[in-house]
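# Chain and residue survey
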Amino acid sequence: MRSVLDEGSTHTGSLVLARRLFKGYVRPYMGRLALSMVLMAVVALATAANAWLMQPVLDDVFLNRNQTMLVLVPVALLVIAAVKGFADYGQAVLINKVGLKVIADIQAEMFAHLMRADLAFFHGHATGALISRFTNDVNLLRAAVSNALLGMVKDSFTIVFLVALMFYRDWLLASIAFVVFPLTILPVLRLGRRMRHVSSSTLTEIGHFATLLSQTFQGARHVKAYGMESYEERRAGGLIDAIFRLTYKSARVRSLARPMMEILTALAVSAVIFYGGRQVILGHTTPGTFFSFITALLLAYQPLKSLGSLNSYLEEGFAAAQRIFAMLDVEPEIRDKPGAKALRVTGGEVRVEDVVFSYAPDATALNGVSLLVPAGRTAALVGPSGGGKSTILNLIPRFYDVGGGRVLVDGMDVRDVTLSSLRAAIALVSQEISLFDDTVRANIAYGRWSCSEEEIVEAAKRAAAHDFIMALPQGYDTMVGEHGIKLSGGQRQRLAIARAMIKNAPILLLDEATSALDTESERQVQAALAELMKGRTTLVIAHRLSTVMTADVIYVVEAGRVTESGTHAELLARRGTYARLHALQFAEPEPGRPPERGQIQATGS
Ligand code: ADP
């Protein structure tokens, strides 16, 4: 699968991105946007009016000593300031609201889209990189959207009015100034293109860094246990250094814009003063006209500068938008067929027929697997690690689609029924982290959000979890911590079992924990599982002798194939792989007898 997170080689045109942003996200707020634009025009006009007033100030008040103007001009200044102030406040509030709303909408859409993405998408992309899309990229986009809206309207209007005033005052002088100004734009545009490149590399590195952080913090125990602190420090150091170099480079590029524009502006102003001063000395124009002109020129400097840096914001924003859109454009491959019907479960028989599957083009994980779990029965999958057991389990709820063959539930191909009905029929209890940082109650109710309090307690009781829950500080309202960190391994497992109980699905997929629990917890978990499996079609990846002995059928999965099947007794009698596995993995010492040689204890995963 092509990664959408590391910058691809194709650059979508800025215009295409801008159009998509506008059509999809800005358009709903057009009313507010239009109003804020009107207010921006008022602000711009007020700025130009200030420059205009310089002429009567100098010519009428100072040179001609006109008494009426002495009063009129200050009053006009005050009125202009008041109008400008209100308009400025209004446009800022409105434009911020639009910008922030646009971003909020995009974030919500990104999250909703990701929640529906294929499992393969999450396996193919590092968590940190995904999180970086939501934080860094969205922030860049936010800056670009508000600066763009502000700059394109307010600053451009201001410049247009000021320029118009300059031409009105002295068209020749204005023409001279504007030979120089466009020259300042060219280098700034070139800087913007460099910014885009640097900023996308920076974000990729920040994504890698976030991934490293979350991995090392979550795996802190293993980092310590294996004494890998210095190694992780070096890895992090390398990334921190790379981020430093890139952000420093972008700061350097960005810092260049301002002095460059200032020098070029000084050039323009000097030329204007030289020519304009001469005109005044020669008596061709009044000092008021000249000062009004120069005020307009200086006032135009700030908005022009903003427009100049706007480009680098836009470049960064477009790069971010491109990555965000790339993520929004990834369509899940696993979805309902047109006209898919709801799965009607009669008994919950699961049949896997000649299934071929690979995660990557040249790595076959399953190579013609067939198996049958009759309704309400239990099948145990055993075999060496990497043989394909989890993969078989993944195909039943359609976390992945088969490459060949079929998976049938009660005779219906899982690809022909709706995903929601299929997944509603299946409960999953696996070894991977399954608890969320929420209350015990919410973690159990995750199985069926509409369940009642009584059902939650009932499920907890049947999962042998009620007693320990009641002993927790806030009972069912206790927060379990990130990934259930505040609970013991056995307690976490029993909560996961209670959740599956609540779901009450006819088919149960179970990945038995490999990590050893103490005898008492083990007994409780076993009892809870036995209770859960009652009356359900169960596929279990078995790591315990008791599980294989009670299973109705055992499938030995090796190198992507089922190599043996039968009951415990039948398979032992065959003296094949199962018999060997049994001797190595499943044989448990009888009470009171020490383990014999050749038997291995199940160890932590
Ligand atoms: P088991 O559960 O028997 O240990 P798995 O079904 O997990 O075996 O793995 C079967 C094969 O598929 C292995 O070679 C494994 O490396 C590969 N595999 C498992 N999950 C993925 C994945 N998400 N992406 C790529 N390859 C995978």
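Structural data are supplied above this passage.
This report concerns the structure included in the present document. (Residues numbered from 1 in each chain as written. Predicted model: local features only at pLDDT ≥ 70, side-chain atom pairs only at ≥ 80, totals over all residues. Heavy atoms only, no water.)

## Structural notes on the overall build of the chain
Let me state the cut-off plainly: Numbering of helices and strands starts at the N terminus; helices are DSSP runs of H or I of at least 4 residues and strands are runs of E of at least 2. A radius of gyration in this sense is built from C-alpha atoms; the matching globule rule multiplies 2.2 Å by the number of residues raised to 0.38. The classification of residues rests on relative accessible area computed with a 1.4 Å probe and restricted to protein chains. Under 20% of the type maximum is buried, over 50% is exposed, and intermediate values are partly exposed. Residues are treated as being in contact if the distance between any of their heavy atoms lies within 4.5 Å. The Shrake-Rupley method, run with a 1.4 Å probe, gives the accessible areas here. Residue values count only the displayed protein chains as cover.
In terms of regular secondary structure, the chain is built from 19 helices and 10 strands. The C-alpha atoms of the chain give 35 Å as radius of gyration, which overshoots the globular expectation for 605 residues (25 Å, by more than 25%). Counting only residues that meet the buried cut, the chain has 46% of its 605 residues in that class. Looking at the chain alone, contacts between residues at least 24 apart form 77% of all its contacts between residues at least 6 apart. Counting every atom, the chain has about 30900 Å² of accessible surface; 60% of that belongs to carbon and sulfur.

## Brief notes about the site of the ligand
As a reminder, the rule being used: Note on definitions. A residue lies near a molecule or strand when any single heavy atom of the residue is within 4 Å of it. As used in this structure description, the phrase polar contact means that two N or O atoms lie within 3.5 Å; if the pair is within protein, one of them must be able to donate a hydrogen and the other to accept it, and residues adjacent in sequence are counted only when both atoms belong to side chains. Classes in brief: Ala, Val, Leu, Ile, Met, Phe, Trp, Tyr, Cys and Pro nonpolar; Asp, Glu, Lys and Arg charged; the others, Gly included, polar.
Around the ligand sit His123, Tyr359, Ala365, Pro384, Ser385, Gly386, Gly387, Gly388, Lys389, Ser390, Thr391 and Tyr400, and that is every residue in its neighbourhood. In the environment of the ligand, an oxygen atom lies 2.7 Å from a nitrogen or oxygen atom belonging to the backbone of Gly386. At 2.9 Å from an oxygen atom of the ligand is found a main-chain nitrogen or oxygen belonging to Gly388. Computed on the free molecule, the ligand has an accessible area of 560 Å², of which 59% lies beneath the protein chains in the complex. It is helix α10 (residues 389–395) that contributes the most residues to the shell around the ligand, 3 residues altogether. Taken together, the residues of the shell around the ligand break down into 4 nonpolar, 7 polar and 1 charged.

## Side note on the packing of aromatic side chains
Basically, it comes down to this: Here the aromatic set is Phe, Tyr and Trp, taking the six-membered ring for Trp, and pairing holds for ring centres within 6.5 Å; pairs whose planes are under 30 degrees apart are stacked, those over 60 apart are edge-to-face, and all others are tilted.
For the structure shown, the criterion picks out 10 aromatic pairs. Residues Phe290 and Phe291 carry aromatic rings whose centres are separated by 5.8 Å and whose planes lie at 80° to one another, so their mutual orientation is edge-to-face. Overall, the relative accessible area of 11% leaves Phe290 in the buried class. A network of ring pairs unites the aromatic residues Phe357, Tyr359 and Tyr400 as a single cluster.

## Re the nonpolar core
For clarity, the threshold we go by: Take the buried residues of types Ala, Val, Leu, Ile, Met, Phe, Trp, Tyr and Cys, join any two whose side-chain atoms come within 4.5 Å, and each joined set is a nonpolar core.
Judged by nonpolar contacts, the single largest core of 47 residues is most densely connected at Val382, Ile444, Ile469, Leu495, Ile497 and Val548. No other element matches the 7 residues that helix α15 (residues 489–503) contributes to this core. If we ignore the near neighbours within four places in the chain, the residues touching Val548 are Ala380, Val382, Ala542, Ile554, His568, Tyr578 and Phe586.

## Topic: helix α19 (residues 577–586)
Along α19, the residues that are buried comprise Thr577, Tyr578, Ala579, Leu581, His582 and Phe586. Elements in contact with the buried residues of α19: β3 (378–382), α17 (545–550), β9 (553–558), β10 (561–566) and α18 (568–574).

## Thoughts on the sheet that holds strand β2 (residues 363–373)
Operational definition: At least two bridges found by DSSP between two strands are what make those strands a pair.
Read across the sheet, 4 strands follow the order β2-β1-β4-β5 without closing on themselves; strand pairing throughout is antiparallel. What marks the edges here is a single partner per strand, and that holds for β2 and β5 (412–413). Here 8 bridges tie strand β1 (residues 350–360) to β2, and the two strands are oriented antiparallel to one another. Counterpart to Phe357 in the pairing with β2 is Leu366.

## Some words on the packing of helix α1 (residues 14–26) against helix α9 (residues 287–328)
Our working rule: Lines fitted to C-alpha atoms define the axes, with helix axes restricted to the stretch in contact, and inter-axis angles between N-to-C directions lie between 0 and 180 degrees. Take the far helix as your reference; a near helix turned counterclockwise from it by less than a right angle gives a left-handed crossing, and one turned clockwise gives a right-handed crossing.
Running from N to C, α1 and α9 point in directions that differ by 65°, and their axes come no closer than 10 Å. Relative to α9, α1 is oriented so that their crossing is left-handed. Residues Ser14, Leu17, Ala18, Arg20, Leu21 and Tyr25 of α1 lie in contact with α9, whose contacting residues are Phe318, Ala321, Gln322, Phe325 and Leu328. Of the residues assigned to the contact of α1 with α9, the class counts are 8 nonpolar, 2 polar and 1 charged.

## Some remarks on the environment of Val355
With respect to the secondary-structure elements, Val355 resides in strand β1. For the pair formed by Val355 and Asp88, sequence separation is 267 residues and the distance between their alpha carbons is 66 Å. Setting aside anything within four residues of it in sequence, one finds Val355 in contact with Leu366, Asn367, Gly368, Val369, Leu395, Val402, Gly404, Gly405, Arg406 and Val407.

Function cannot be inferred from these measures alone, as they are strictly geometric.
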